Amino acid sequence: MKAAAFLMPLLGLSVSAQASPLGYLAGSGHDAIEISRLIALFGGVSIAVVVLVALLLLGGLFRRREPDPAHGRPQRDEGGMAWIYVGVAATVVVLAVCMFYNLKTIAAVASPPDDAALTVEITAHQWWWQVRYQDREPQKVFYTANEIHVPVGEKVRFLLSSADVIHSFWVPKLAGKMDVIPGQTNVTWLEAEAPGVYRGECAVFCGAEHARMEFRVVAQEPKDFQAWAAHQLQPAPPPGDAEIQAGRLTFESRCAACHTLRGSSAAGFAAPDLTHLMDRSTLAAGALPNDAEHLAEWIRDPQKYKPGTNMPQVPLSEADLAAVVAYLRTAR
Amino acid sequence: MTVETFREPKLVTAEEAARREPALRRIWETPPGLAGWLSSVDHKSIGKRYLVTALIFLILGGLEAAVMRAQLSQPDMHLLSPEAYAQLFTMHGVTMIFLYAFPVLSGFSNYLWPLLLGSRDMAFPRLNAFSYWSFLAGGIALYVSFIAGRAPDNGWFNYVPYASRGFDPGVNIDAYALGMILLGLSTTVGGINFIVTLLRLRAPGMSINRVPILIWGTLTASLGNLFAVPAVTLAFVLLWFDRSWGTHFFDSSGGGQPLLWQHLFWMFGHPWVYAIVLPAMGIVSDGLPVFCRRPLVGYSAVALATVSTMVLGFGVWVHHMFATGLPVSSLSFFSSASMVIVIPSAVAVFAWLATIWTGRPRFTTAFLFFAGFVLLFVIGGVSGFMTAAVPADWQLTHTYFVVAHLHYVIIGINVFAVVGGVYFWFPKMTGRFMNETLGKWSFWVMFIGFNLGFFPMHIAGLAGMPRRIYTYPADAGWGGVNMVITLGSYLFAVGVLLFLINIVVSRFKGRAAGANPWDGGTLEWSVSSPPPPYNFALIPIVARRHPLWEEQLAEGEDRSSTNAKGFLLDHGRETLGTTPIDAEPDVILKMPEDSWMPLLLALAVSGLCTGLLLKLWFLFGIGTAVSLLAAVIWLWPRRYLSQVER
Amino acid sequence: MNTSVMSGKVLPVGSKSRHASGWWGMLTVVATEAALFAYLLFSYYYVAAHTTNPWPTGGDPKLDLAIPGTLILIAGSLVMAWGEHGIRRGRNGRLAAGLIVSILLALLFLGIQFWEWFHKPFALDYDAYSSLYFVITGFHMAHVAVGVVMLVAVLLWTALGHFDAERHSAVSIAVIYWHFVTIVWLAVFFTFYLSPRLI
C-alpha cells in the first residue's frame, strides 16, 4: 500500500511529463514507435528487476529468524551460493532475450532507406538550423530555416552537416537522435505517420545558446507538402506601400550581409533565409513566437532574448525598425 | 659504515613487542607541527587528507548543483546567464567525477590498505605523498580558473571542436587541461603504488585469495587506470597542441577528426566509471557482512566479477558514441558487449542479497547505507542496461535519463558506499563512534531526498528534456517534474549536511570506541583505534580470510596470529616484503623517512606544466630544473636501502 | 597457518634486485607508458583511416636516415645490456663504458631525428599528418631524453661507487626503461616509415 502511495504521484508526474510535445514514448514516426516498444521491453524488465530486488532486500532485512546460536558473534558460512547460481542463470536468460530483441530493432531502424522520397540537407549552426531541399532539377532546390516540412507516410532522408561545432539533430516523436559533426556527413531518416507539428531540438551541448536551438518538423499530406514546396520556390511578394518599401531598403542595407530574402537584394548566407519567414511559427530557433510584437523586440535587442546569439544588435531608429518589421511581415 | 645485508626476522611474543613499542613509535612517528605535516609520508595521514579534501570538493560541487537546480526549478528562469550556467555544470561534473568520486576512494584505500594487508605502510610512501599533493594541485588549478572568472564551460567531456581556441578562447580549457594532466599523474602514481603494495606488502600467509574485496576493487581500479589514464592525458595534450600550436588533430579543416577526441576520451572515460565504483562496491562487500554477522557469500565469484567488469569496461567505450553515425556492425558489437556487463553486476547483487538473507542484520547506520546502496546499485544498473540498447539510446542519450543514470551510479553506488564506509571506519580512524541517532536521520533524509530528487530525472528524460540546457520553455511541459527534482535534491543536500555535522560533532564528542567496535573479522580491527604510527607492532601471520573470526567460523585447524606472536622488525622503519601470489616472507623492506621531496616535486611539476600550457617559458624552465633535482635527490641510492641481489 | 613455518628463514634486508619494489614499479610505469604510445599510434591510424587527403603528406617518408637511427637505438640497448651484465659480476668499468656508449648513441639518435625534423617539407601546423608526425616522434624523443637523464644519473652513481655485484637495482630499473624506449621506437618506426608502404 505504501508502495502504491509512492507510485501514484510518480505515475501522475510521468503522465503529465509525457504530455510534453517532446515526449517520445508516444511517438508518431516509424522509428520512434519501434524504439518506444524496445524502451517498453527494456523498461519493463528493468522495473521488474528493481521491484524483485527490493522485495528480496526487504525480505532479507525483516524475515523471521530462528534464535541466534552464535549469540551475536559471526556465524559459520552456511552457503548462500545458490542465490548466485540461480540469480545469474535467470539474468543470463532474460539478458539473452533482450539482446535478441535489441539486435532485431537495430536492424529495423538503423539502416537508412535507399528509397527515400525526399532528401533534405541540414546544416547546423550555432544556434539555428539551415535546411536545403535537394532536387534533381537545380531550379527546384530551395533553402529555409528552423522549420522542416515533410510529407506524411514517406521516408525522408536527412544529410546532416555542421557549420561550426557538434550538434545533434533530434525530433523525439519521430525518431532517435543523430549527432551533427563537422567534417563528416551523417545520414538519418524520418517517417511521420500522422500529420502534425513535431518539435525538434539540439541535443549535444554546443555553446551558450544550446538551450535555444529548437526546430519544428511539419508533417503534411503529400499534396499539401507539394503546394508548400512550390510556394517556397517563389520569392517573397514585392513591397506594397511606402513604409514596406522603406523597410525593404533598410533591410537591404543593414541585414543583407547575413540574411537572404529572395525578392530583395539581400543574399547573405551566415543567417537564416527569411524569404518565407511568416510561414514559420517561431523566431530565432524557437526562442520567441513569431508575431509582429516579438519580431520587433527581437530585432531591437537579440541579446536580451538569446544571450550570446550571433545576431548583433543593429542600431535602428524606431521608424526604421517599424518599417523593417512591416516589410518582414510581408515575407510569406 | 657497516650495512646489514641479511637477517633472520625475529618471531616474538606480544609481551616482548609491548616492550619495544615506544621505540617503534619513535621510529615511525611524524614530528608534530607544520613541517612534519608537510613532509609526512604516513599512509594514514595521507588517506585522511584525501578523504577531507574530497569531501570539501563534494561540498563545492554540491553548491554548484544547488545553484543550477534553482535555475531549472521553473521554466524561463533568469537567475544565471547561459555562460554562468555552462561553467557551473562543467565544474560540477569535473569536481564530482575527478575531485570527489575517485579521490575519496583513494582516501579509503590509502588509509586502509596497509591495515587490511597487515603492513606498516604502502610500497612507495613518498610516492603516496606526491600523489596527494599533485591531486591537490590539479584541484587548485581547476578552481583558480573559476576564481579568475572563466572556468571550463564545455562539459566534463569537453567535446571538440567547441573546445578549440576558435570557439572557446581564454584560459578556461587550458586550465582544464592542466588540472587533468596533474590529476592523471596523481592517479597513475597512486595506481602504481597500490599495485606494487599488493604484490609486495601483504602479511605472510595472506595469499591472493584471502585479501578483502576492497583490495580487489582498488587493485582493479588501479590496473584499469594504468591503461586508461594515458588516453585522457594524451587527449588533453593533443588539444593543447591544437589550441596553442595550430596543429590539426581534431580540426576537420586540416584533415583531423573531431571524433578522435571522443574515442580517446571514452576509452578513458568508461574504465574510469568502474574505477570510481569498484572500490566503493568493495567497501560494501567488506562492510555489509560485518553487520550481517557472517562472511560475504561468494567471495571468489565477487572478486572475479570485480576484475571481469573492468576487463569488459575496456571494450565498451563506443556506447557513449552510439549517435555519432558509426557503422551498424560496430554498434551491434558494442551494444552487446555493454549488456554483458550485467552478468558480473548480477553476481555482486545476488552475493549481497544472499549475505543479508542468510545473515542476521544489525541495523546500524553504516548497515542502512550499505543496504540502501544495494537497491540504488540496481536502479543505476538497469538504467545503464537500457541505454546499452542502441535504438533506445538514440532516444535516451543526451537527455536527463542519462543524467538520472549517472547520478544513480555516482551518488547511489559511490556516495552511499562512501558515507556508509565513513560510519563504518570512523571509529578506527578516530577512536570514536559517530552518533547513531543523527546517523539514522542522515540516512533517511539522504535516501528519501536522493530518490525524490533524482528518480524523476528519468521521467524528465523520457519527456525529451536534453542535458546541459540552462533553461526550457514553459510549453515543453517539464516544469512540474523539475520542481520536484529541485526540492528532492535540496532535501538530499540537507541529509549530506547532517552527515557532515555528525562527522564534526563525533570527532570531538563521539562515544569512545575500542579496537574492534563492530566485531569485524579483518586485520584493521586487530590494532588499536586509532592505529599506532607503525600500524602493527607485530607483523601478523594470516591463515584465513577473517583472521579475527576464526574461532567462530571454525574453518579448519590453521590459525592466524594477530597480537600473539609475529615478526618484530625494529631496526629503523621496516616492514616485511612477501611473494606476489602466496605471500611468503621474502625480504625485510627498509621504508623511507619523511621527506620534503614529494611536496617539492609536486610544486615543481605543477610549475612545469603551468609554464608549458600558458607558454611561460621561464616558469617551465625553473619547474623542469627543480623537478629533475628533486627526482635525483629522491632516488639517490641509500646505503641503508642496500640494494642486493643474491 | 603454523607460525613456525614462517620463522627461521634468513631474509635479505633492503631489497633484492628482481624483487625490488622499484623494479615492479618500473614495470608498471612501462605498462602505462606503453598504453600512452598505443593511444598515440591509435590516433595516427584512426586519422589515416578517415582522411580524404593524400596520405602521408609529402609521400612515403624516406628510410635513409630512419634505418640507421633505428639501428643506433638497438645498438644502444644491446650495449646497455652488456654493461648491466658487467655489473652483475662486479665490473664497474664495463657498466660505465656501457652507459657512456649508450648515452652517446642516444644523443646521436636525437641528432638524426632533429636533422630529419628540420628537413621535412612541412611544418607542425601544416595538416593532421604533420601534427601526428611531429608530436608522436616528439613524444618518443622526449622519452629518449628522459632515458638519457636516467642513464646520466646512473653513470654519476656508478662513478661514486654506489653499485657492485650485489647492489645495483637502480641500474636494472633504468635499463628496463631504456629497452622500452627502443621497443617503442620500433612501433613508431613501423607506423610512420613502413605502414604507408604496405597499403
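Residues numbered from 1 in each chain as written. Chains lettered and ligands numbered in written order. Predicted model: local features only at pLDDT ≥ 70, side-chain atom pairs only at ≥ 80, totals over all residues.

**With respect to the arrangement of the chains**
Piece 1. The highest contact count of any of the two pairs of chains in contact belongs to chains A and B.
Piece 2. Left apart from each other, chain A and chain C have a closest C-alpha approach of 10 Å. (Contact = placed C-beta atoms within 7 Å.)

**A closer look at the nonpolar core**
Piece 1. With 367 residues, the main nonpolar core has Leu264, Leu353 and Phe373 of chain B as its most contacted residues.
Piece 2. Tallying contributions element by element places helix H4 (residues 82-117) of chain B first for this core, with 22 residues.
Piece 3. The contact partners of Leu264 of chain B, leaving out residues within four places of it in the chain, are Ala231, Val232, Leu234 and Ala235 of chain B together with Tyr39 of chain C. (Core = buried A, V, L, I, M, F, W, Y, C linked by C-beta atoms within 7 Å. Buried ≥ 20, exposed ≤ 12 C-beta atoms within 10 Å, placed from the backbone. Helix = DSSP H or I, 4+ residues; strand = E, 2+ residues; numbered from the N terminus.)

**Regarding the packing of helix H6 (residues 292-300) of chain A against helix H8 (residues 318-328) of chain A**
Residue and element names in this part refer to chain A.
Piece 1. Taken N-terminus to C-terminus, the directions of H6 and H8 make an angle of 130°; their axes are 10 Å apart at the nearest point. The orientation of H6 with respect to H8, classified from their angle, is oblique. The handedness of the crossing between H6 and H8 comes out as right-handed. Seen from H6, the contacting residues are Ala292, Leu295, Ala296, Ile299 and Arg300; seen from H8, they are Leu321, Val324, Val325 and Leu328.
Piece 2. In terms of residue class, the contact of H6 with H8 is made up of eight nonpolar, no polar and one charged. (Axes fitted to C-alpha atoms, helices over the stretch in contact; angles between N-to-C directions. Parallel < 35°, antiparallel > 145°, perpendicular 65-115°, else oblique. Left-handed = near helix turned anticlockwise from the far one by under 90°. Nonpolar A, V, L, I, M, F, W, Y, C, P; charged D, E, K, R; others polar.)

**A look at the confidence of the model for chain B**
Segments scoring low in pLDDT should not have their predicted coordinates read at a detailed level.
Piece 1. Chain-level statistics for chain B give a pLDDT mean of 93 and a share of 98% at 70 or above.
Piece 2. In this model, residues 642-646 of chain B is a region of pLDDT below 50 whose contacts with residues beyond four sequence positions or in other chains number 27 contacts. (pLDDT = per-residue confidence, 0-100.)

**What to know about the confidence of the model for chain C**
Piece 1. Taken residue by residue, chain C gives an average pLDDT of 91. The fraction at 70 or more is 93%.
Piece 2. Two numbers describe this predicted complex: its pTM, 0.95, and its ipTM, 0.95.

**Concerning the pairing of strand E2 (residues 128-133) of chain A**
All names here are of chain A.
Piece 1. The sheet contact formed by strand E1 (residues 118-125) and E2 spans six bridges and is antiparallel. Paired with Ala124 across the strands is Trp129, a residue of E2.
Piece 2. A loop of two residues connects E1 with E2, the two strands running antiparallel in sequence. (Pairing = 2+ DSSP bridges.)

**Structural notes on the interface of chain A and chain B**
Piece 1. Counting residues at the interface gives 82 residues for chain A, matched by 85 residues for chain B.
Piece 2. Where the side of chain A that touches chain B is concerned, the elements lending two or more residues are helix H1 (2-18), helix H2 (30-62), helix H3 (81-109) and strand E7 (178-180) of chain A.
Piece 3. Across the side of chain A that touches chain B, the residue classes tally to 45 nonpolar, 25 polar and 12 charged.

**Description of the environment of Asn158 of chain B**
All names here are of chain B.
Piece 1. One can find Asn158 in the loop between helix H5 (125-147) and helix H6 (172-200).
Piece 2. Owing to 25 C-beta atoms within 10 Å, Asn158 belongs among the buried residues under this scheme.
Piece 3. Along the primary structure Asn158 and Trp261 are separated by 103 residues, whereas in three dimensions their C-alpha atoms are 8.9 Å apart.
Piece 4. Residues within four places of Asn158 in sequence aside, it is in contact with Ala163 and Tyr176.

**Structural notes on the sheet that holds strand E6 (residues 167-170) of chain A**
Residues and elements named next belong to chain A.
Piece 1. Here we have five strands laid out as an open sheet, ordered E4-E10-E9-E6-E7, and mixed in their pairing. Where the open sheet ends on each side, the last strands, each with one partner, are strand E4 (147-151) and E7. With direction set aside, neighbouring strand axes in the sheet form an average angle of 25°.
Piece 2. One ladder, built from five bridges, connects E4 with strand E10 (residues 214-220); its direction is parallel. By the bridge assignment for E10, Ile148 is matched with Val217.
Piece 3. Against the sheet, helix H4 (residues 222-233) contacts E4 and E10, and its axis sits at roughly 135° relative to E4.

**Quick look at the sheet that holds E2 of chain A**
All names here are of chain A.
Piece 1. As summarised here, the arrangement of the five strands in space is E3-E2-E1-E5-E8, forming an open sheet in which the pairing is mixed. Edge positions in the sheet fall to strand E3 (142-145) and strand E8 (186-190), since each of these pairs with one other strand and no more. Geometrically, the sheet is characterised by an average inter-axis angle of 25° between neighbouring strands, direction not taken into account.

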